[in-house]
Amino acid sequence: MSLYNKVLVLHCIPHYVIIFKEGVLSMKTRNYLNRCGRMSVIILCVLFNQLNAKVETMVEKNLYGKLPDGREVYQFTLKNASGATVKLINYGAIVTSLCVPNRNGVIEDVVLGYDSLQGYINDQSYFGAIVGRYGNRINKGTFVLDGKEYHLTINDGENHLHGGKFGFFKALWDAKVVNDSAGPSVAMTYVSPDGEEGYPGNVTITVTYTLTNDNALKIVYEGKTDKPTLLNPTHHSYFNLSGSLTTSILDHKLTIDADSITEIDNRLIPTGRLLDVTNTPFDFRTFHTIGERINDNHLQLQYGKGYDHNWALNSFNGKVRKVVEVYEEKSGRVLEVLTDQPGIQFYSGNFLDGSQKGKGVVYQHRTAFCLEPQCFPDSPNHPNFPS
C-alpha cells in the first residue's frame, strides 16, 4: 500500500492583517492503492475565504465546443459568493481558468489557457490538464513490471512524457453534475483501456470537482485497475501570480525545501544520481527570485534550458509537509505547496515561445511556471528512487 497527499495553497497577503484573513486557495490530494487495486485521490481547494462573505455557490454548464468527430465538450463554472471562480472542461479534465483576488481584492486569472476548444485540441503544453497515466518522463518509453518489459508511446524525443501522445489530457471524460451535501459537484470519468499508450491493464478513473459551502473546491480522484500497472497522475496548470499573463515570472520569489535534485542528462532523463544543491542555482532553501540565477553557467540549467527538474524533497516520511512557497510582491499573492510525495517538478516555462495564444494575449518565454508533486521521473527504471 502506498499513501500520499498533495496540497496546493494560494492566498494573498493583505496590507494589514495576517495571511489567512484575506483569502486562501488550498489543494490536498490523497492517493492510495489497496489490495483490491483501487486508487483514491482527494484534492481540497479553499478559494478566497473572505471574512463575513455570504455562502452562495453555483455551477453552470455550457456547451464549450465539439470535437472533430462531433462529440460535445462542456464547460463547468464553479462560483462562490466572493466572486472567485474555477472553470473546467471535460476534455482532459482541464482547469481553463482560476480567478482569485490580489491584496486589494481585485480578482484576476492566474493560470494560462486558451480561448476555445481548438486551442486545447492543438495544445502540446498540457495547459491545466490532468496528465497520466505517468506524469513526467520514462526513459525510452520502456520499463519492466513483474518481469515483463513494456514499451510505451514515444512522444518526447526518444522518451515517453506525461502519458503519451494522447493519454488523459486528450481524452473526453464523461461528465455529469452530481448531488453533494458539501455543494455543487461535477464528476468526470475516463476509461483507459488495456494497452493504451502501451500501459498494461484497464484503468477507470473518476475525478469529482465540488465547490463546498465553506469556499472549498474539492477534487476527488478514484481509479480502478484489473492488473498491475503504473499510475502517477499529476495536475499541470501554468501559474502567473501577478494576474498579468504577459508578465515574466522571473521576479516571483521561490523557496523549495530540498537539499538535492535528480541529476538529468541532455535528454532530461535522470542519471540515477542526486545532485547536492549547495552553492548551485538550484538551492532554493531560502528565498530567491526565479530569474536570479536561471542564466548561470551550469550544465544542468543548460540541459533544461532553465529550470525543468525534480527536487528531491526533504523530510519524506509519508506525511504532509510544506515544501514550496512562491510570492509575487506586486499582487501580494502567495502560492504554497504541501505534499507527502518525495519529489516536485519545477518548470520555469522555458518552452513557452510566443506560439501559444489565449485569453487575449501571446504567451511569451517564461511567463508562467508549473509545480508538480509526484514520484521522481523515470522511477520505474531506478530501484534507488522512492516510489
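Residues numbered from 1 in each chain as written. Predicted model: local features only at pLDDT ≥ 70, side-chain atom pairs only at ≥ 80, totals over all residues. Heavy atoms only, no water.

Peer 1: Can you explain the pattern of salt bridges? Please cite residues and give values.
Peer 2: Applying the stated criterion across every chain yields a total of 12 salt bridges. Notably, a salt bridge pairs R137 with D308, separated by 3.8 Å at the nearest N-O pair. Residue R137 is located in strand β10 (residues 137–138), and its partner D308 is located in strand β23 (residues 308–313); the two are separated by 171 residues in the primary sequence. Of the two residues examined, R137 and D308, each falls in the buried class. One network of salt bridges, in which partners are shared, links R137, D156 and D308. (Salt bridge = Lys/Arg side-chain N within 4 Å of Asp/Glu carboxyl O. Helix = DSSP H or I, 4+ residues; strand = E, 2+ residues; numbered from the N terminus. Buried < 20%, exposed > 50% of the residue type's maximum accessible area, 1.4 Å probe, protein only.)

Peer 1: Outline the nonpolar core, supporting the account with residue identities and numerical values.
Peer 2: By size, the foremost hydrophobic cluster in this structure holds 47 residues, and its most contacted members are I256, W311 and F369. If we ignore the near neighbours within four places in the chain, the residues touching W311 are I256, A258, S260, I261, V277, F282, F284, P342, G343, I344 and F346. Y120, Y126, L172 and C370 belong to the second largest nonpolar core, which has 25 residues in total. (Core = buried A, V, L, I, M, F, W, Y, C linked by side-chain atoms within 4.5 Å. Contact = heavy atoms within 4.5 Å.)

Peer 1: Hey, could you go over the sheet that holds strand β5 (residues 72–79) for me, with residue numbers and the actual values?
Peer 2: Here five strands make up an open sheet; going across it, the order is β4-β5-β6-β7-β8 and the pairing antiparallel. Of all strands in the sheet, those with a lone pairing partner are β4 (58–66) and β8 (107–109), marking the two edges. Across this sheet, the average inter-strand angle for adjacent strands is 20 degrees, counted without regard to direction. Examined bridge by bridge, β5 and strand β6 (residues 85–89) share five bridges and lie antiparallel to one another. Residue pairing for β6: L78 is matched across the bridge by V86. (Pairing = 2+ DSSP bridges. Axes fitted to C-alpha atoms, helices over the stretch in contact; angles between N-to-C directions.)

Peer 1: Got a sec to walk through unusual backbone geometry? Specific residues and values, please.
Peer 2: Residue R133 follows G132 across a cis peptide bond; omega there is 25 degrees. In this fold, R133 is placed in the loop between β9 (129–131) and β10. Its identity is not glycine, yet A93 carries a phi of approximately 50 degrees, on the positive side. Tracing the backbone through its elements, the reader meets A93 in the loop between β6 and β7 (94–101). The backbone of Y126 sits at a positive phi, close to 65 degrees, despite the residue not being glycine.

Peer 1: Outline the packing of aromatic side chains, supporting the account with residue identities and numerical values.
Peer 2: Two measures describe an aromatic ring pair: the distance that separates the ring centres and the angle between the ring planes. Evaluated as defined, the whole model comprises 21 aromatic pairs. Consider the rings of Y126 and F169, whose centres lie 4.5 Å apart with planes at 50 degrees: the pair is tilted. Taken together, the residues span a long stretch of sequence, with Y126 in the loop between α2 (117–122) and β9 and F169 in the loop between β13 (160–161) and β14 (174–178) at a distance of 43 residues. The exposure classification of Y126 matches that of F169, with both residues buried. The interplanar angle of 20 degrees and the centroid separation of 6.3 Å between the aromatic rings of Y347 and F351 together place this pair among those described as stacked. Among the residues examined, Y347 registers a relative accessible area of 7% and is labelled buried. When its relative accessible area of 42% is taken as the criterion, F351 is described as partly exposed. An aromatic cluster is present here, built from Y114, Y120, F127, Y238, Y347, F351 and Y363 joined pairwise through their rings. A cation over a ring is seen here: K61 above Y74, with NZ or CZ 4.4 Å from the ring centre. The ring of F284 has R293 lying over it, and the distance from NZ or CZ to the ring centre is 4.9 Å. (Phe/Tyr/Trp six-rings, centres within 6.5 Å; stacked < 30°, edge-to-face > 60°. Lys NZ or Arg CZ within 6 Å of the ring centre and 35° of its normal.)

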